[in-house]
Amino acid sequence: MLHAIIMAGGSGTRFWPASRRDRPKQMLSLVGDETMIRQTAQRLGDVVPPERRMIVTNQRLVADVAKQLPELPKTGIVGEPCKRDTAPCIGLAALLVANARQDPDGTMIVMPADHVIATPEVFQAAVKQAEALVDAEPSRIVTFGIKPTYPAEIFGYIQRAEALTDPCGDAPAFKVARFREKPDAATAAEFLASGDFYWNSGIFCWRASTILDALRERQPETLAHLEKIVDAWDTPDGPAVFEREFAAIKGVSIDYAVMEHAKNVAVIEAPFEWDDLGGWQSLPRRLGTDDAGNTIVGKHLGLNTTGAIVRTTPDHLVVTLGCEDLIVVHTPDATLVANKHDEESIRAIVKELETRGWESFL
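Residues numbered from 1 in each chain as written. Predicted model: local features only at pLDDT ≥ 70, side-chain atom pairs only at ≥ 80, totals over all residues. Heavy atoms only, no water.

1. Section: the overall build of the protein chain
Helix and strand content of the protein chain: eleven helices and 17 strands. The C-alpha atoms of the protein chain give a radius of gyration of 20 Å, which matches the 21 Å a tight globule of 362 residues would have. Based on the C-alpha atoms only, the size of the protein chain along its principal axes is roughly 60 × 55 × 35 Å. In the protein chain, buried positions account for 53% of the 362 residues. Put simply, 68% of the contacts in the protein chain that link residues at least 6 apart link residues at least 24 apart. Total accessible area on the protein chain is roughly 16200 Å²; 49% of this is exposed by carbon and sulfur atoms. Of the side-chain charges in the protein chain, 38 are positive and 51 negative, and the distance between the mean point of each set is 2 Å. (Helix = DSSP H or I, 4+ residues; strand = E, 2+ residues; numbered from the N terminus. Rg over C-alpha atoms; globule rule 2.2 N^0.38 Å. Buried < 20%, exposed > 50% of the residue type's maximum accessible area, 1.4 Å probe, protein only. Contact = heavy atoms within 4.5 Å. Areas by Shrake-Rupley, 256 points an atom, 1.4 Å probe, with all protein chains shown as cover. Lys, Arg positive; Asp, Glu negative; His and termini not counted. Charge placed at Lys NZ, Arg CZ, Asp CG, Glu CD.)

Below you can see the structure in the form of structure tokens.
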């Protein structure tokens, strides 16, 4: 059976200022009328019914997710006690599919909740194609590559190898030669010119048993902690074990833990329109700019201001004077001012806030 795992602000998300009174991006209607988390769930259509969907998020967001997705059973929302990146998040979901849902041979489609995909029916067909590729070769890992439109430095890349003789669907599919980290500008331009690279969408499809075997080989300590959590899942000690064992895990991304080392990986050239709202520079792509190149959400007065991204609330005025290429984000208890071209360094802010014990401002 096919299970959908939606990662919604629990691990591995980029800094998107939020607070107790200002919900994170997955809970906001940034593009369209529905929130990002609801759009992600609705995108699955009938391909994965609600009882086989699982949202992995932060503990503090569980109640909010339940309100957003009332069709999900209570067991379909998992709240992590702390951030530990995507490999522990996905490993926990795989163990719950294999054990709690008693489907060790189940196939998982794993996706973040901060993507914009404008054609749900095309996405559903691509998911079915990925499932078919896994069914044809159960040890295979499938990912989706986005054909690049510019030399982006903010995405990881996938280099394709030879085409699959049987792509199991309409979209082109290839063996993966290798995964590449986020490049500098010159390298990104080389990737674009070669025609052999895709942006890494972060959407994956695999058997639960396959990803667990990979974690057992590459991250045995992480898997051992996760197995203790799931062994105690339905016991009175379950919450305490979850908090203790999850906190003991060293955070690591699924790309570094598994994908960069996996041998049998295929990439489907995504046939759907895609964008990633993982960073602030995605807003101009989705919302457009004014005559001065600014993208504004909320009340803003800009004098001699160009190329800015400003997000505030309707009742809080942000004024910029003589500014160029800034990101300015106001929330009820935090304000971010950053160089638009140095957005990746915002990750350092997250680490520093965590070091100081100021996680409540994330």
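2. Some thoughts on the packing of helix α7 (residues 220–231) against helix α8 (residues 238–247)
At a minimum axis distance of 9 Å, the contact between α7 and α8 shows a crossing angle of 175°. Of the possible angle classes, the one that applies to α7 and α8 is roughly antiparallel. Where α7 approaches α8, its residues H225, L226, K228 and I229 are matched on the opposing element by V241, F242, E245 and F246. Considered class by class, the residues forming the contact of α7 with α8 number five nonpolar, one polar and two charged. (Axes fitted to C-alpha atoms, helices over the stretch in contact; angles between N-to-C directions. Parallel < 35°, antiparallel > 145°, perpendicular 65-115°, else oblique. Nonpolar A, V, L, I, M, F, W, Y, C, P; charged D, E, K, R; others polar.)

3. Here we look at the nonpolar core
It is characteristic of soluble globular proteins that their nonpolar side chains tend to be buried jointly. Core analysis: the biggest nonpolar cluster contains 47 residues, and I109 and F272 have the highest contact counts within it. Listing elements by their share of this core, those giving two or more residues are β1 (2–8), α1 (36–42), β4 (107–112), α4 (120–136), β6 (141–146), α5 (185–194), β9 (197–207) and β10 (265–269). Examining the composition of this core, we find that six residues originate from one element, α4, more than from any other. Formed by 45 residues, the second largest nonpolar core is a distinct cluster that contains I5, V78, C82 and L92. (Core = buried A, V, L, I, M, F, W, Y, C linked by side-chain atoms within 4.5 Å.)

4. Quick word on the pattern of salt bridges
This structure, assessed with the given rule, holds eleven salt bridges. D135 is the salt-bridge partner of R207, the closest N and O atoms lying 3.2 Å from each other. With R207 in strand β9 and D135 in helix α4, this pair connects stretches of sequence that are 72 residues apart. Across the pair R216 and E227 runs a salt bridge whose closest N-O atoms are separated by 3.4 Å. Placement of R216 in helix α6 (residues 208–218) and of E227 in helix α7 is noted, with a sequence separation of eleven residues between them. (Salt bridge = Lys/Arg side-chain N within 4 Å of Asp/Glu carboxyl O.)

5. Here we look at the packing of aromatic side chains
Applying the stated criterion across every chain, the model contains 13 aromatic pairs. Aromatic pair F155 and W199: ring centres 4.8 Å apart, planes at 55°, arrangement tilted. With F155 in the loop between β6 and β7 (157–163) and W199 in strand β9, this pair connects stretches of sequence that are 44 residues apart. In this pair, the class of F155 matches that of W199, namely buried. Between Y157 and F197 the ring centres are 6.5 Å apart and the planes differ by 70°, which places this aromatic pair in the edge-to-face class. Within this pair, whereas Y157 is found in strand β7, its partner F197 is found in strand β9, the two being separated by 40 residues in sequence. There is no split in this pair, since Y157 and F197 are both buried. Above the ring of F174, the side-chain terminus of R160 is found at 4.4 Å from the ring centroid. (Phe/Tyr/Trp six-rings, centres within 6.5 Å; stacked < 30°, edge-to-face > 60°. Lys NZ or Arg CZ within 6 Å of the ring centre and 35° of its normal.)

6. Observations regarding the confidence of the model for the protein chain
Of all residues in the protein chain, 94% attain a pLDDT of 70 or more, and the chain-wide mean is 90. The model gives residues 10–22 a pLDDT under 50, and that stretch makes 61 contacts with residues more than four places away or in other chains. (pLDDT = per-residue confidence, 0-100.)

7. As for unusual backbone geometry
A positive phi angle, close to 50°, is found at Q102, a residue other than glycine. Within the secondary structure layout, Q102 lies in the loop between α3 (86–100) and β4. Residue Q102 is classed as exposed on the basis of its relative accessible area of 68%. The residue C168 is not glycine, and still its phi comes out positive at about 65°. Positionally, C168 belongs in the loop between β7 and β8 (173–180). Overall, C168 belongs to the partly exposed group, its relative accessible area being 25%.

8. As for the environment of Q26
Assignment of secondary structure puts Q26 in the loop between β1 and α1. Relative accessible area serves as the criterion here: at 2%, Q26 is assigned to the buried category. Sequence separation between Q26 and I268 is 242 residues; the distance between their C-alpha atoms is 26 Å.

9. Observations regarding the pairing of β7
Alignment of β7 against β8, held across five bridges, turns out to be antiparallel. Paired with Q159 across the two strands is R178, which belongs to β8. The sheet contact formed by β7 and β9 spans three bridges and is antiparallel. Each residue of the ladder has a partner; that of I158, found in β9, is Y198. (Pairing = 2+ DSSP bridges.)

10. Notes on the environment of A262
For A262, the location among the structural elements is in the loop between α9 (254–259) and β10. Using a relative accessible area of 27% as the deciding quantity, one classes A262 as partly exposed. With 27 residues separating them along the chain, A262 and T235 place their C-alpha atoms 35 Å apart.

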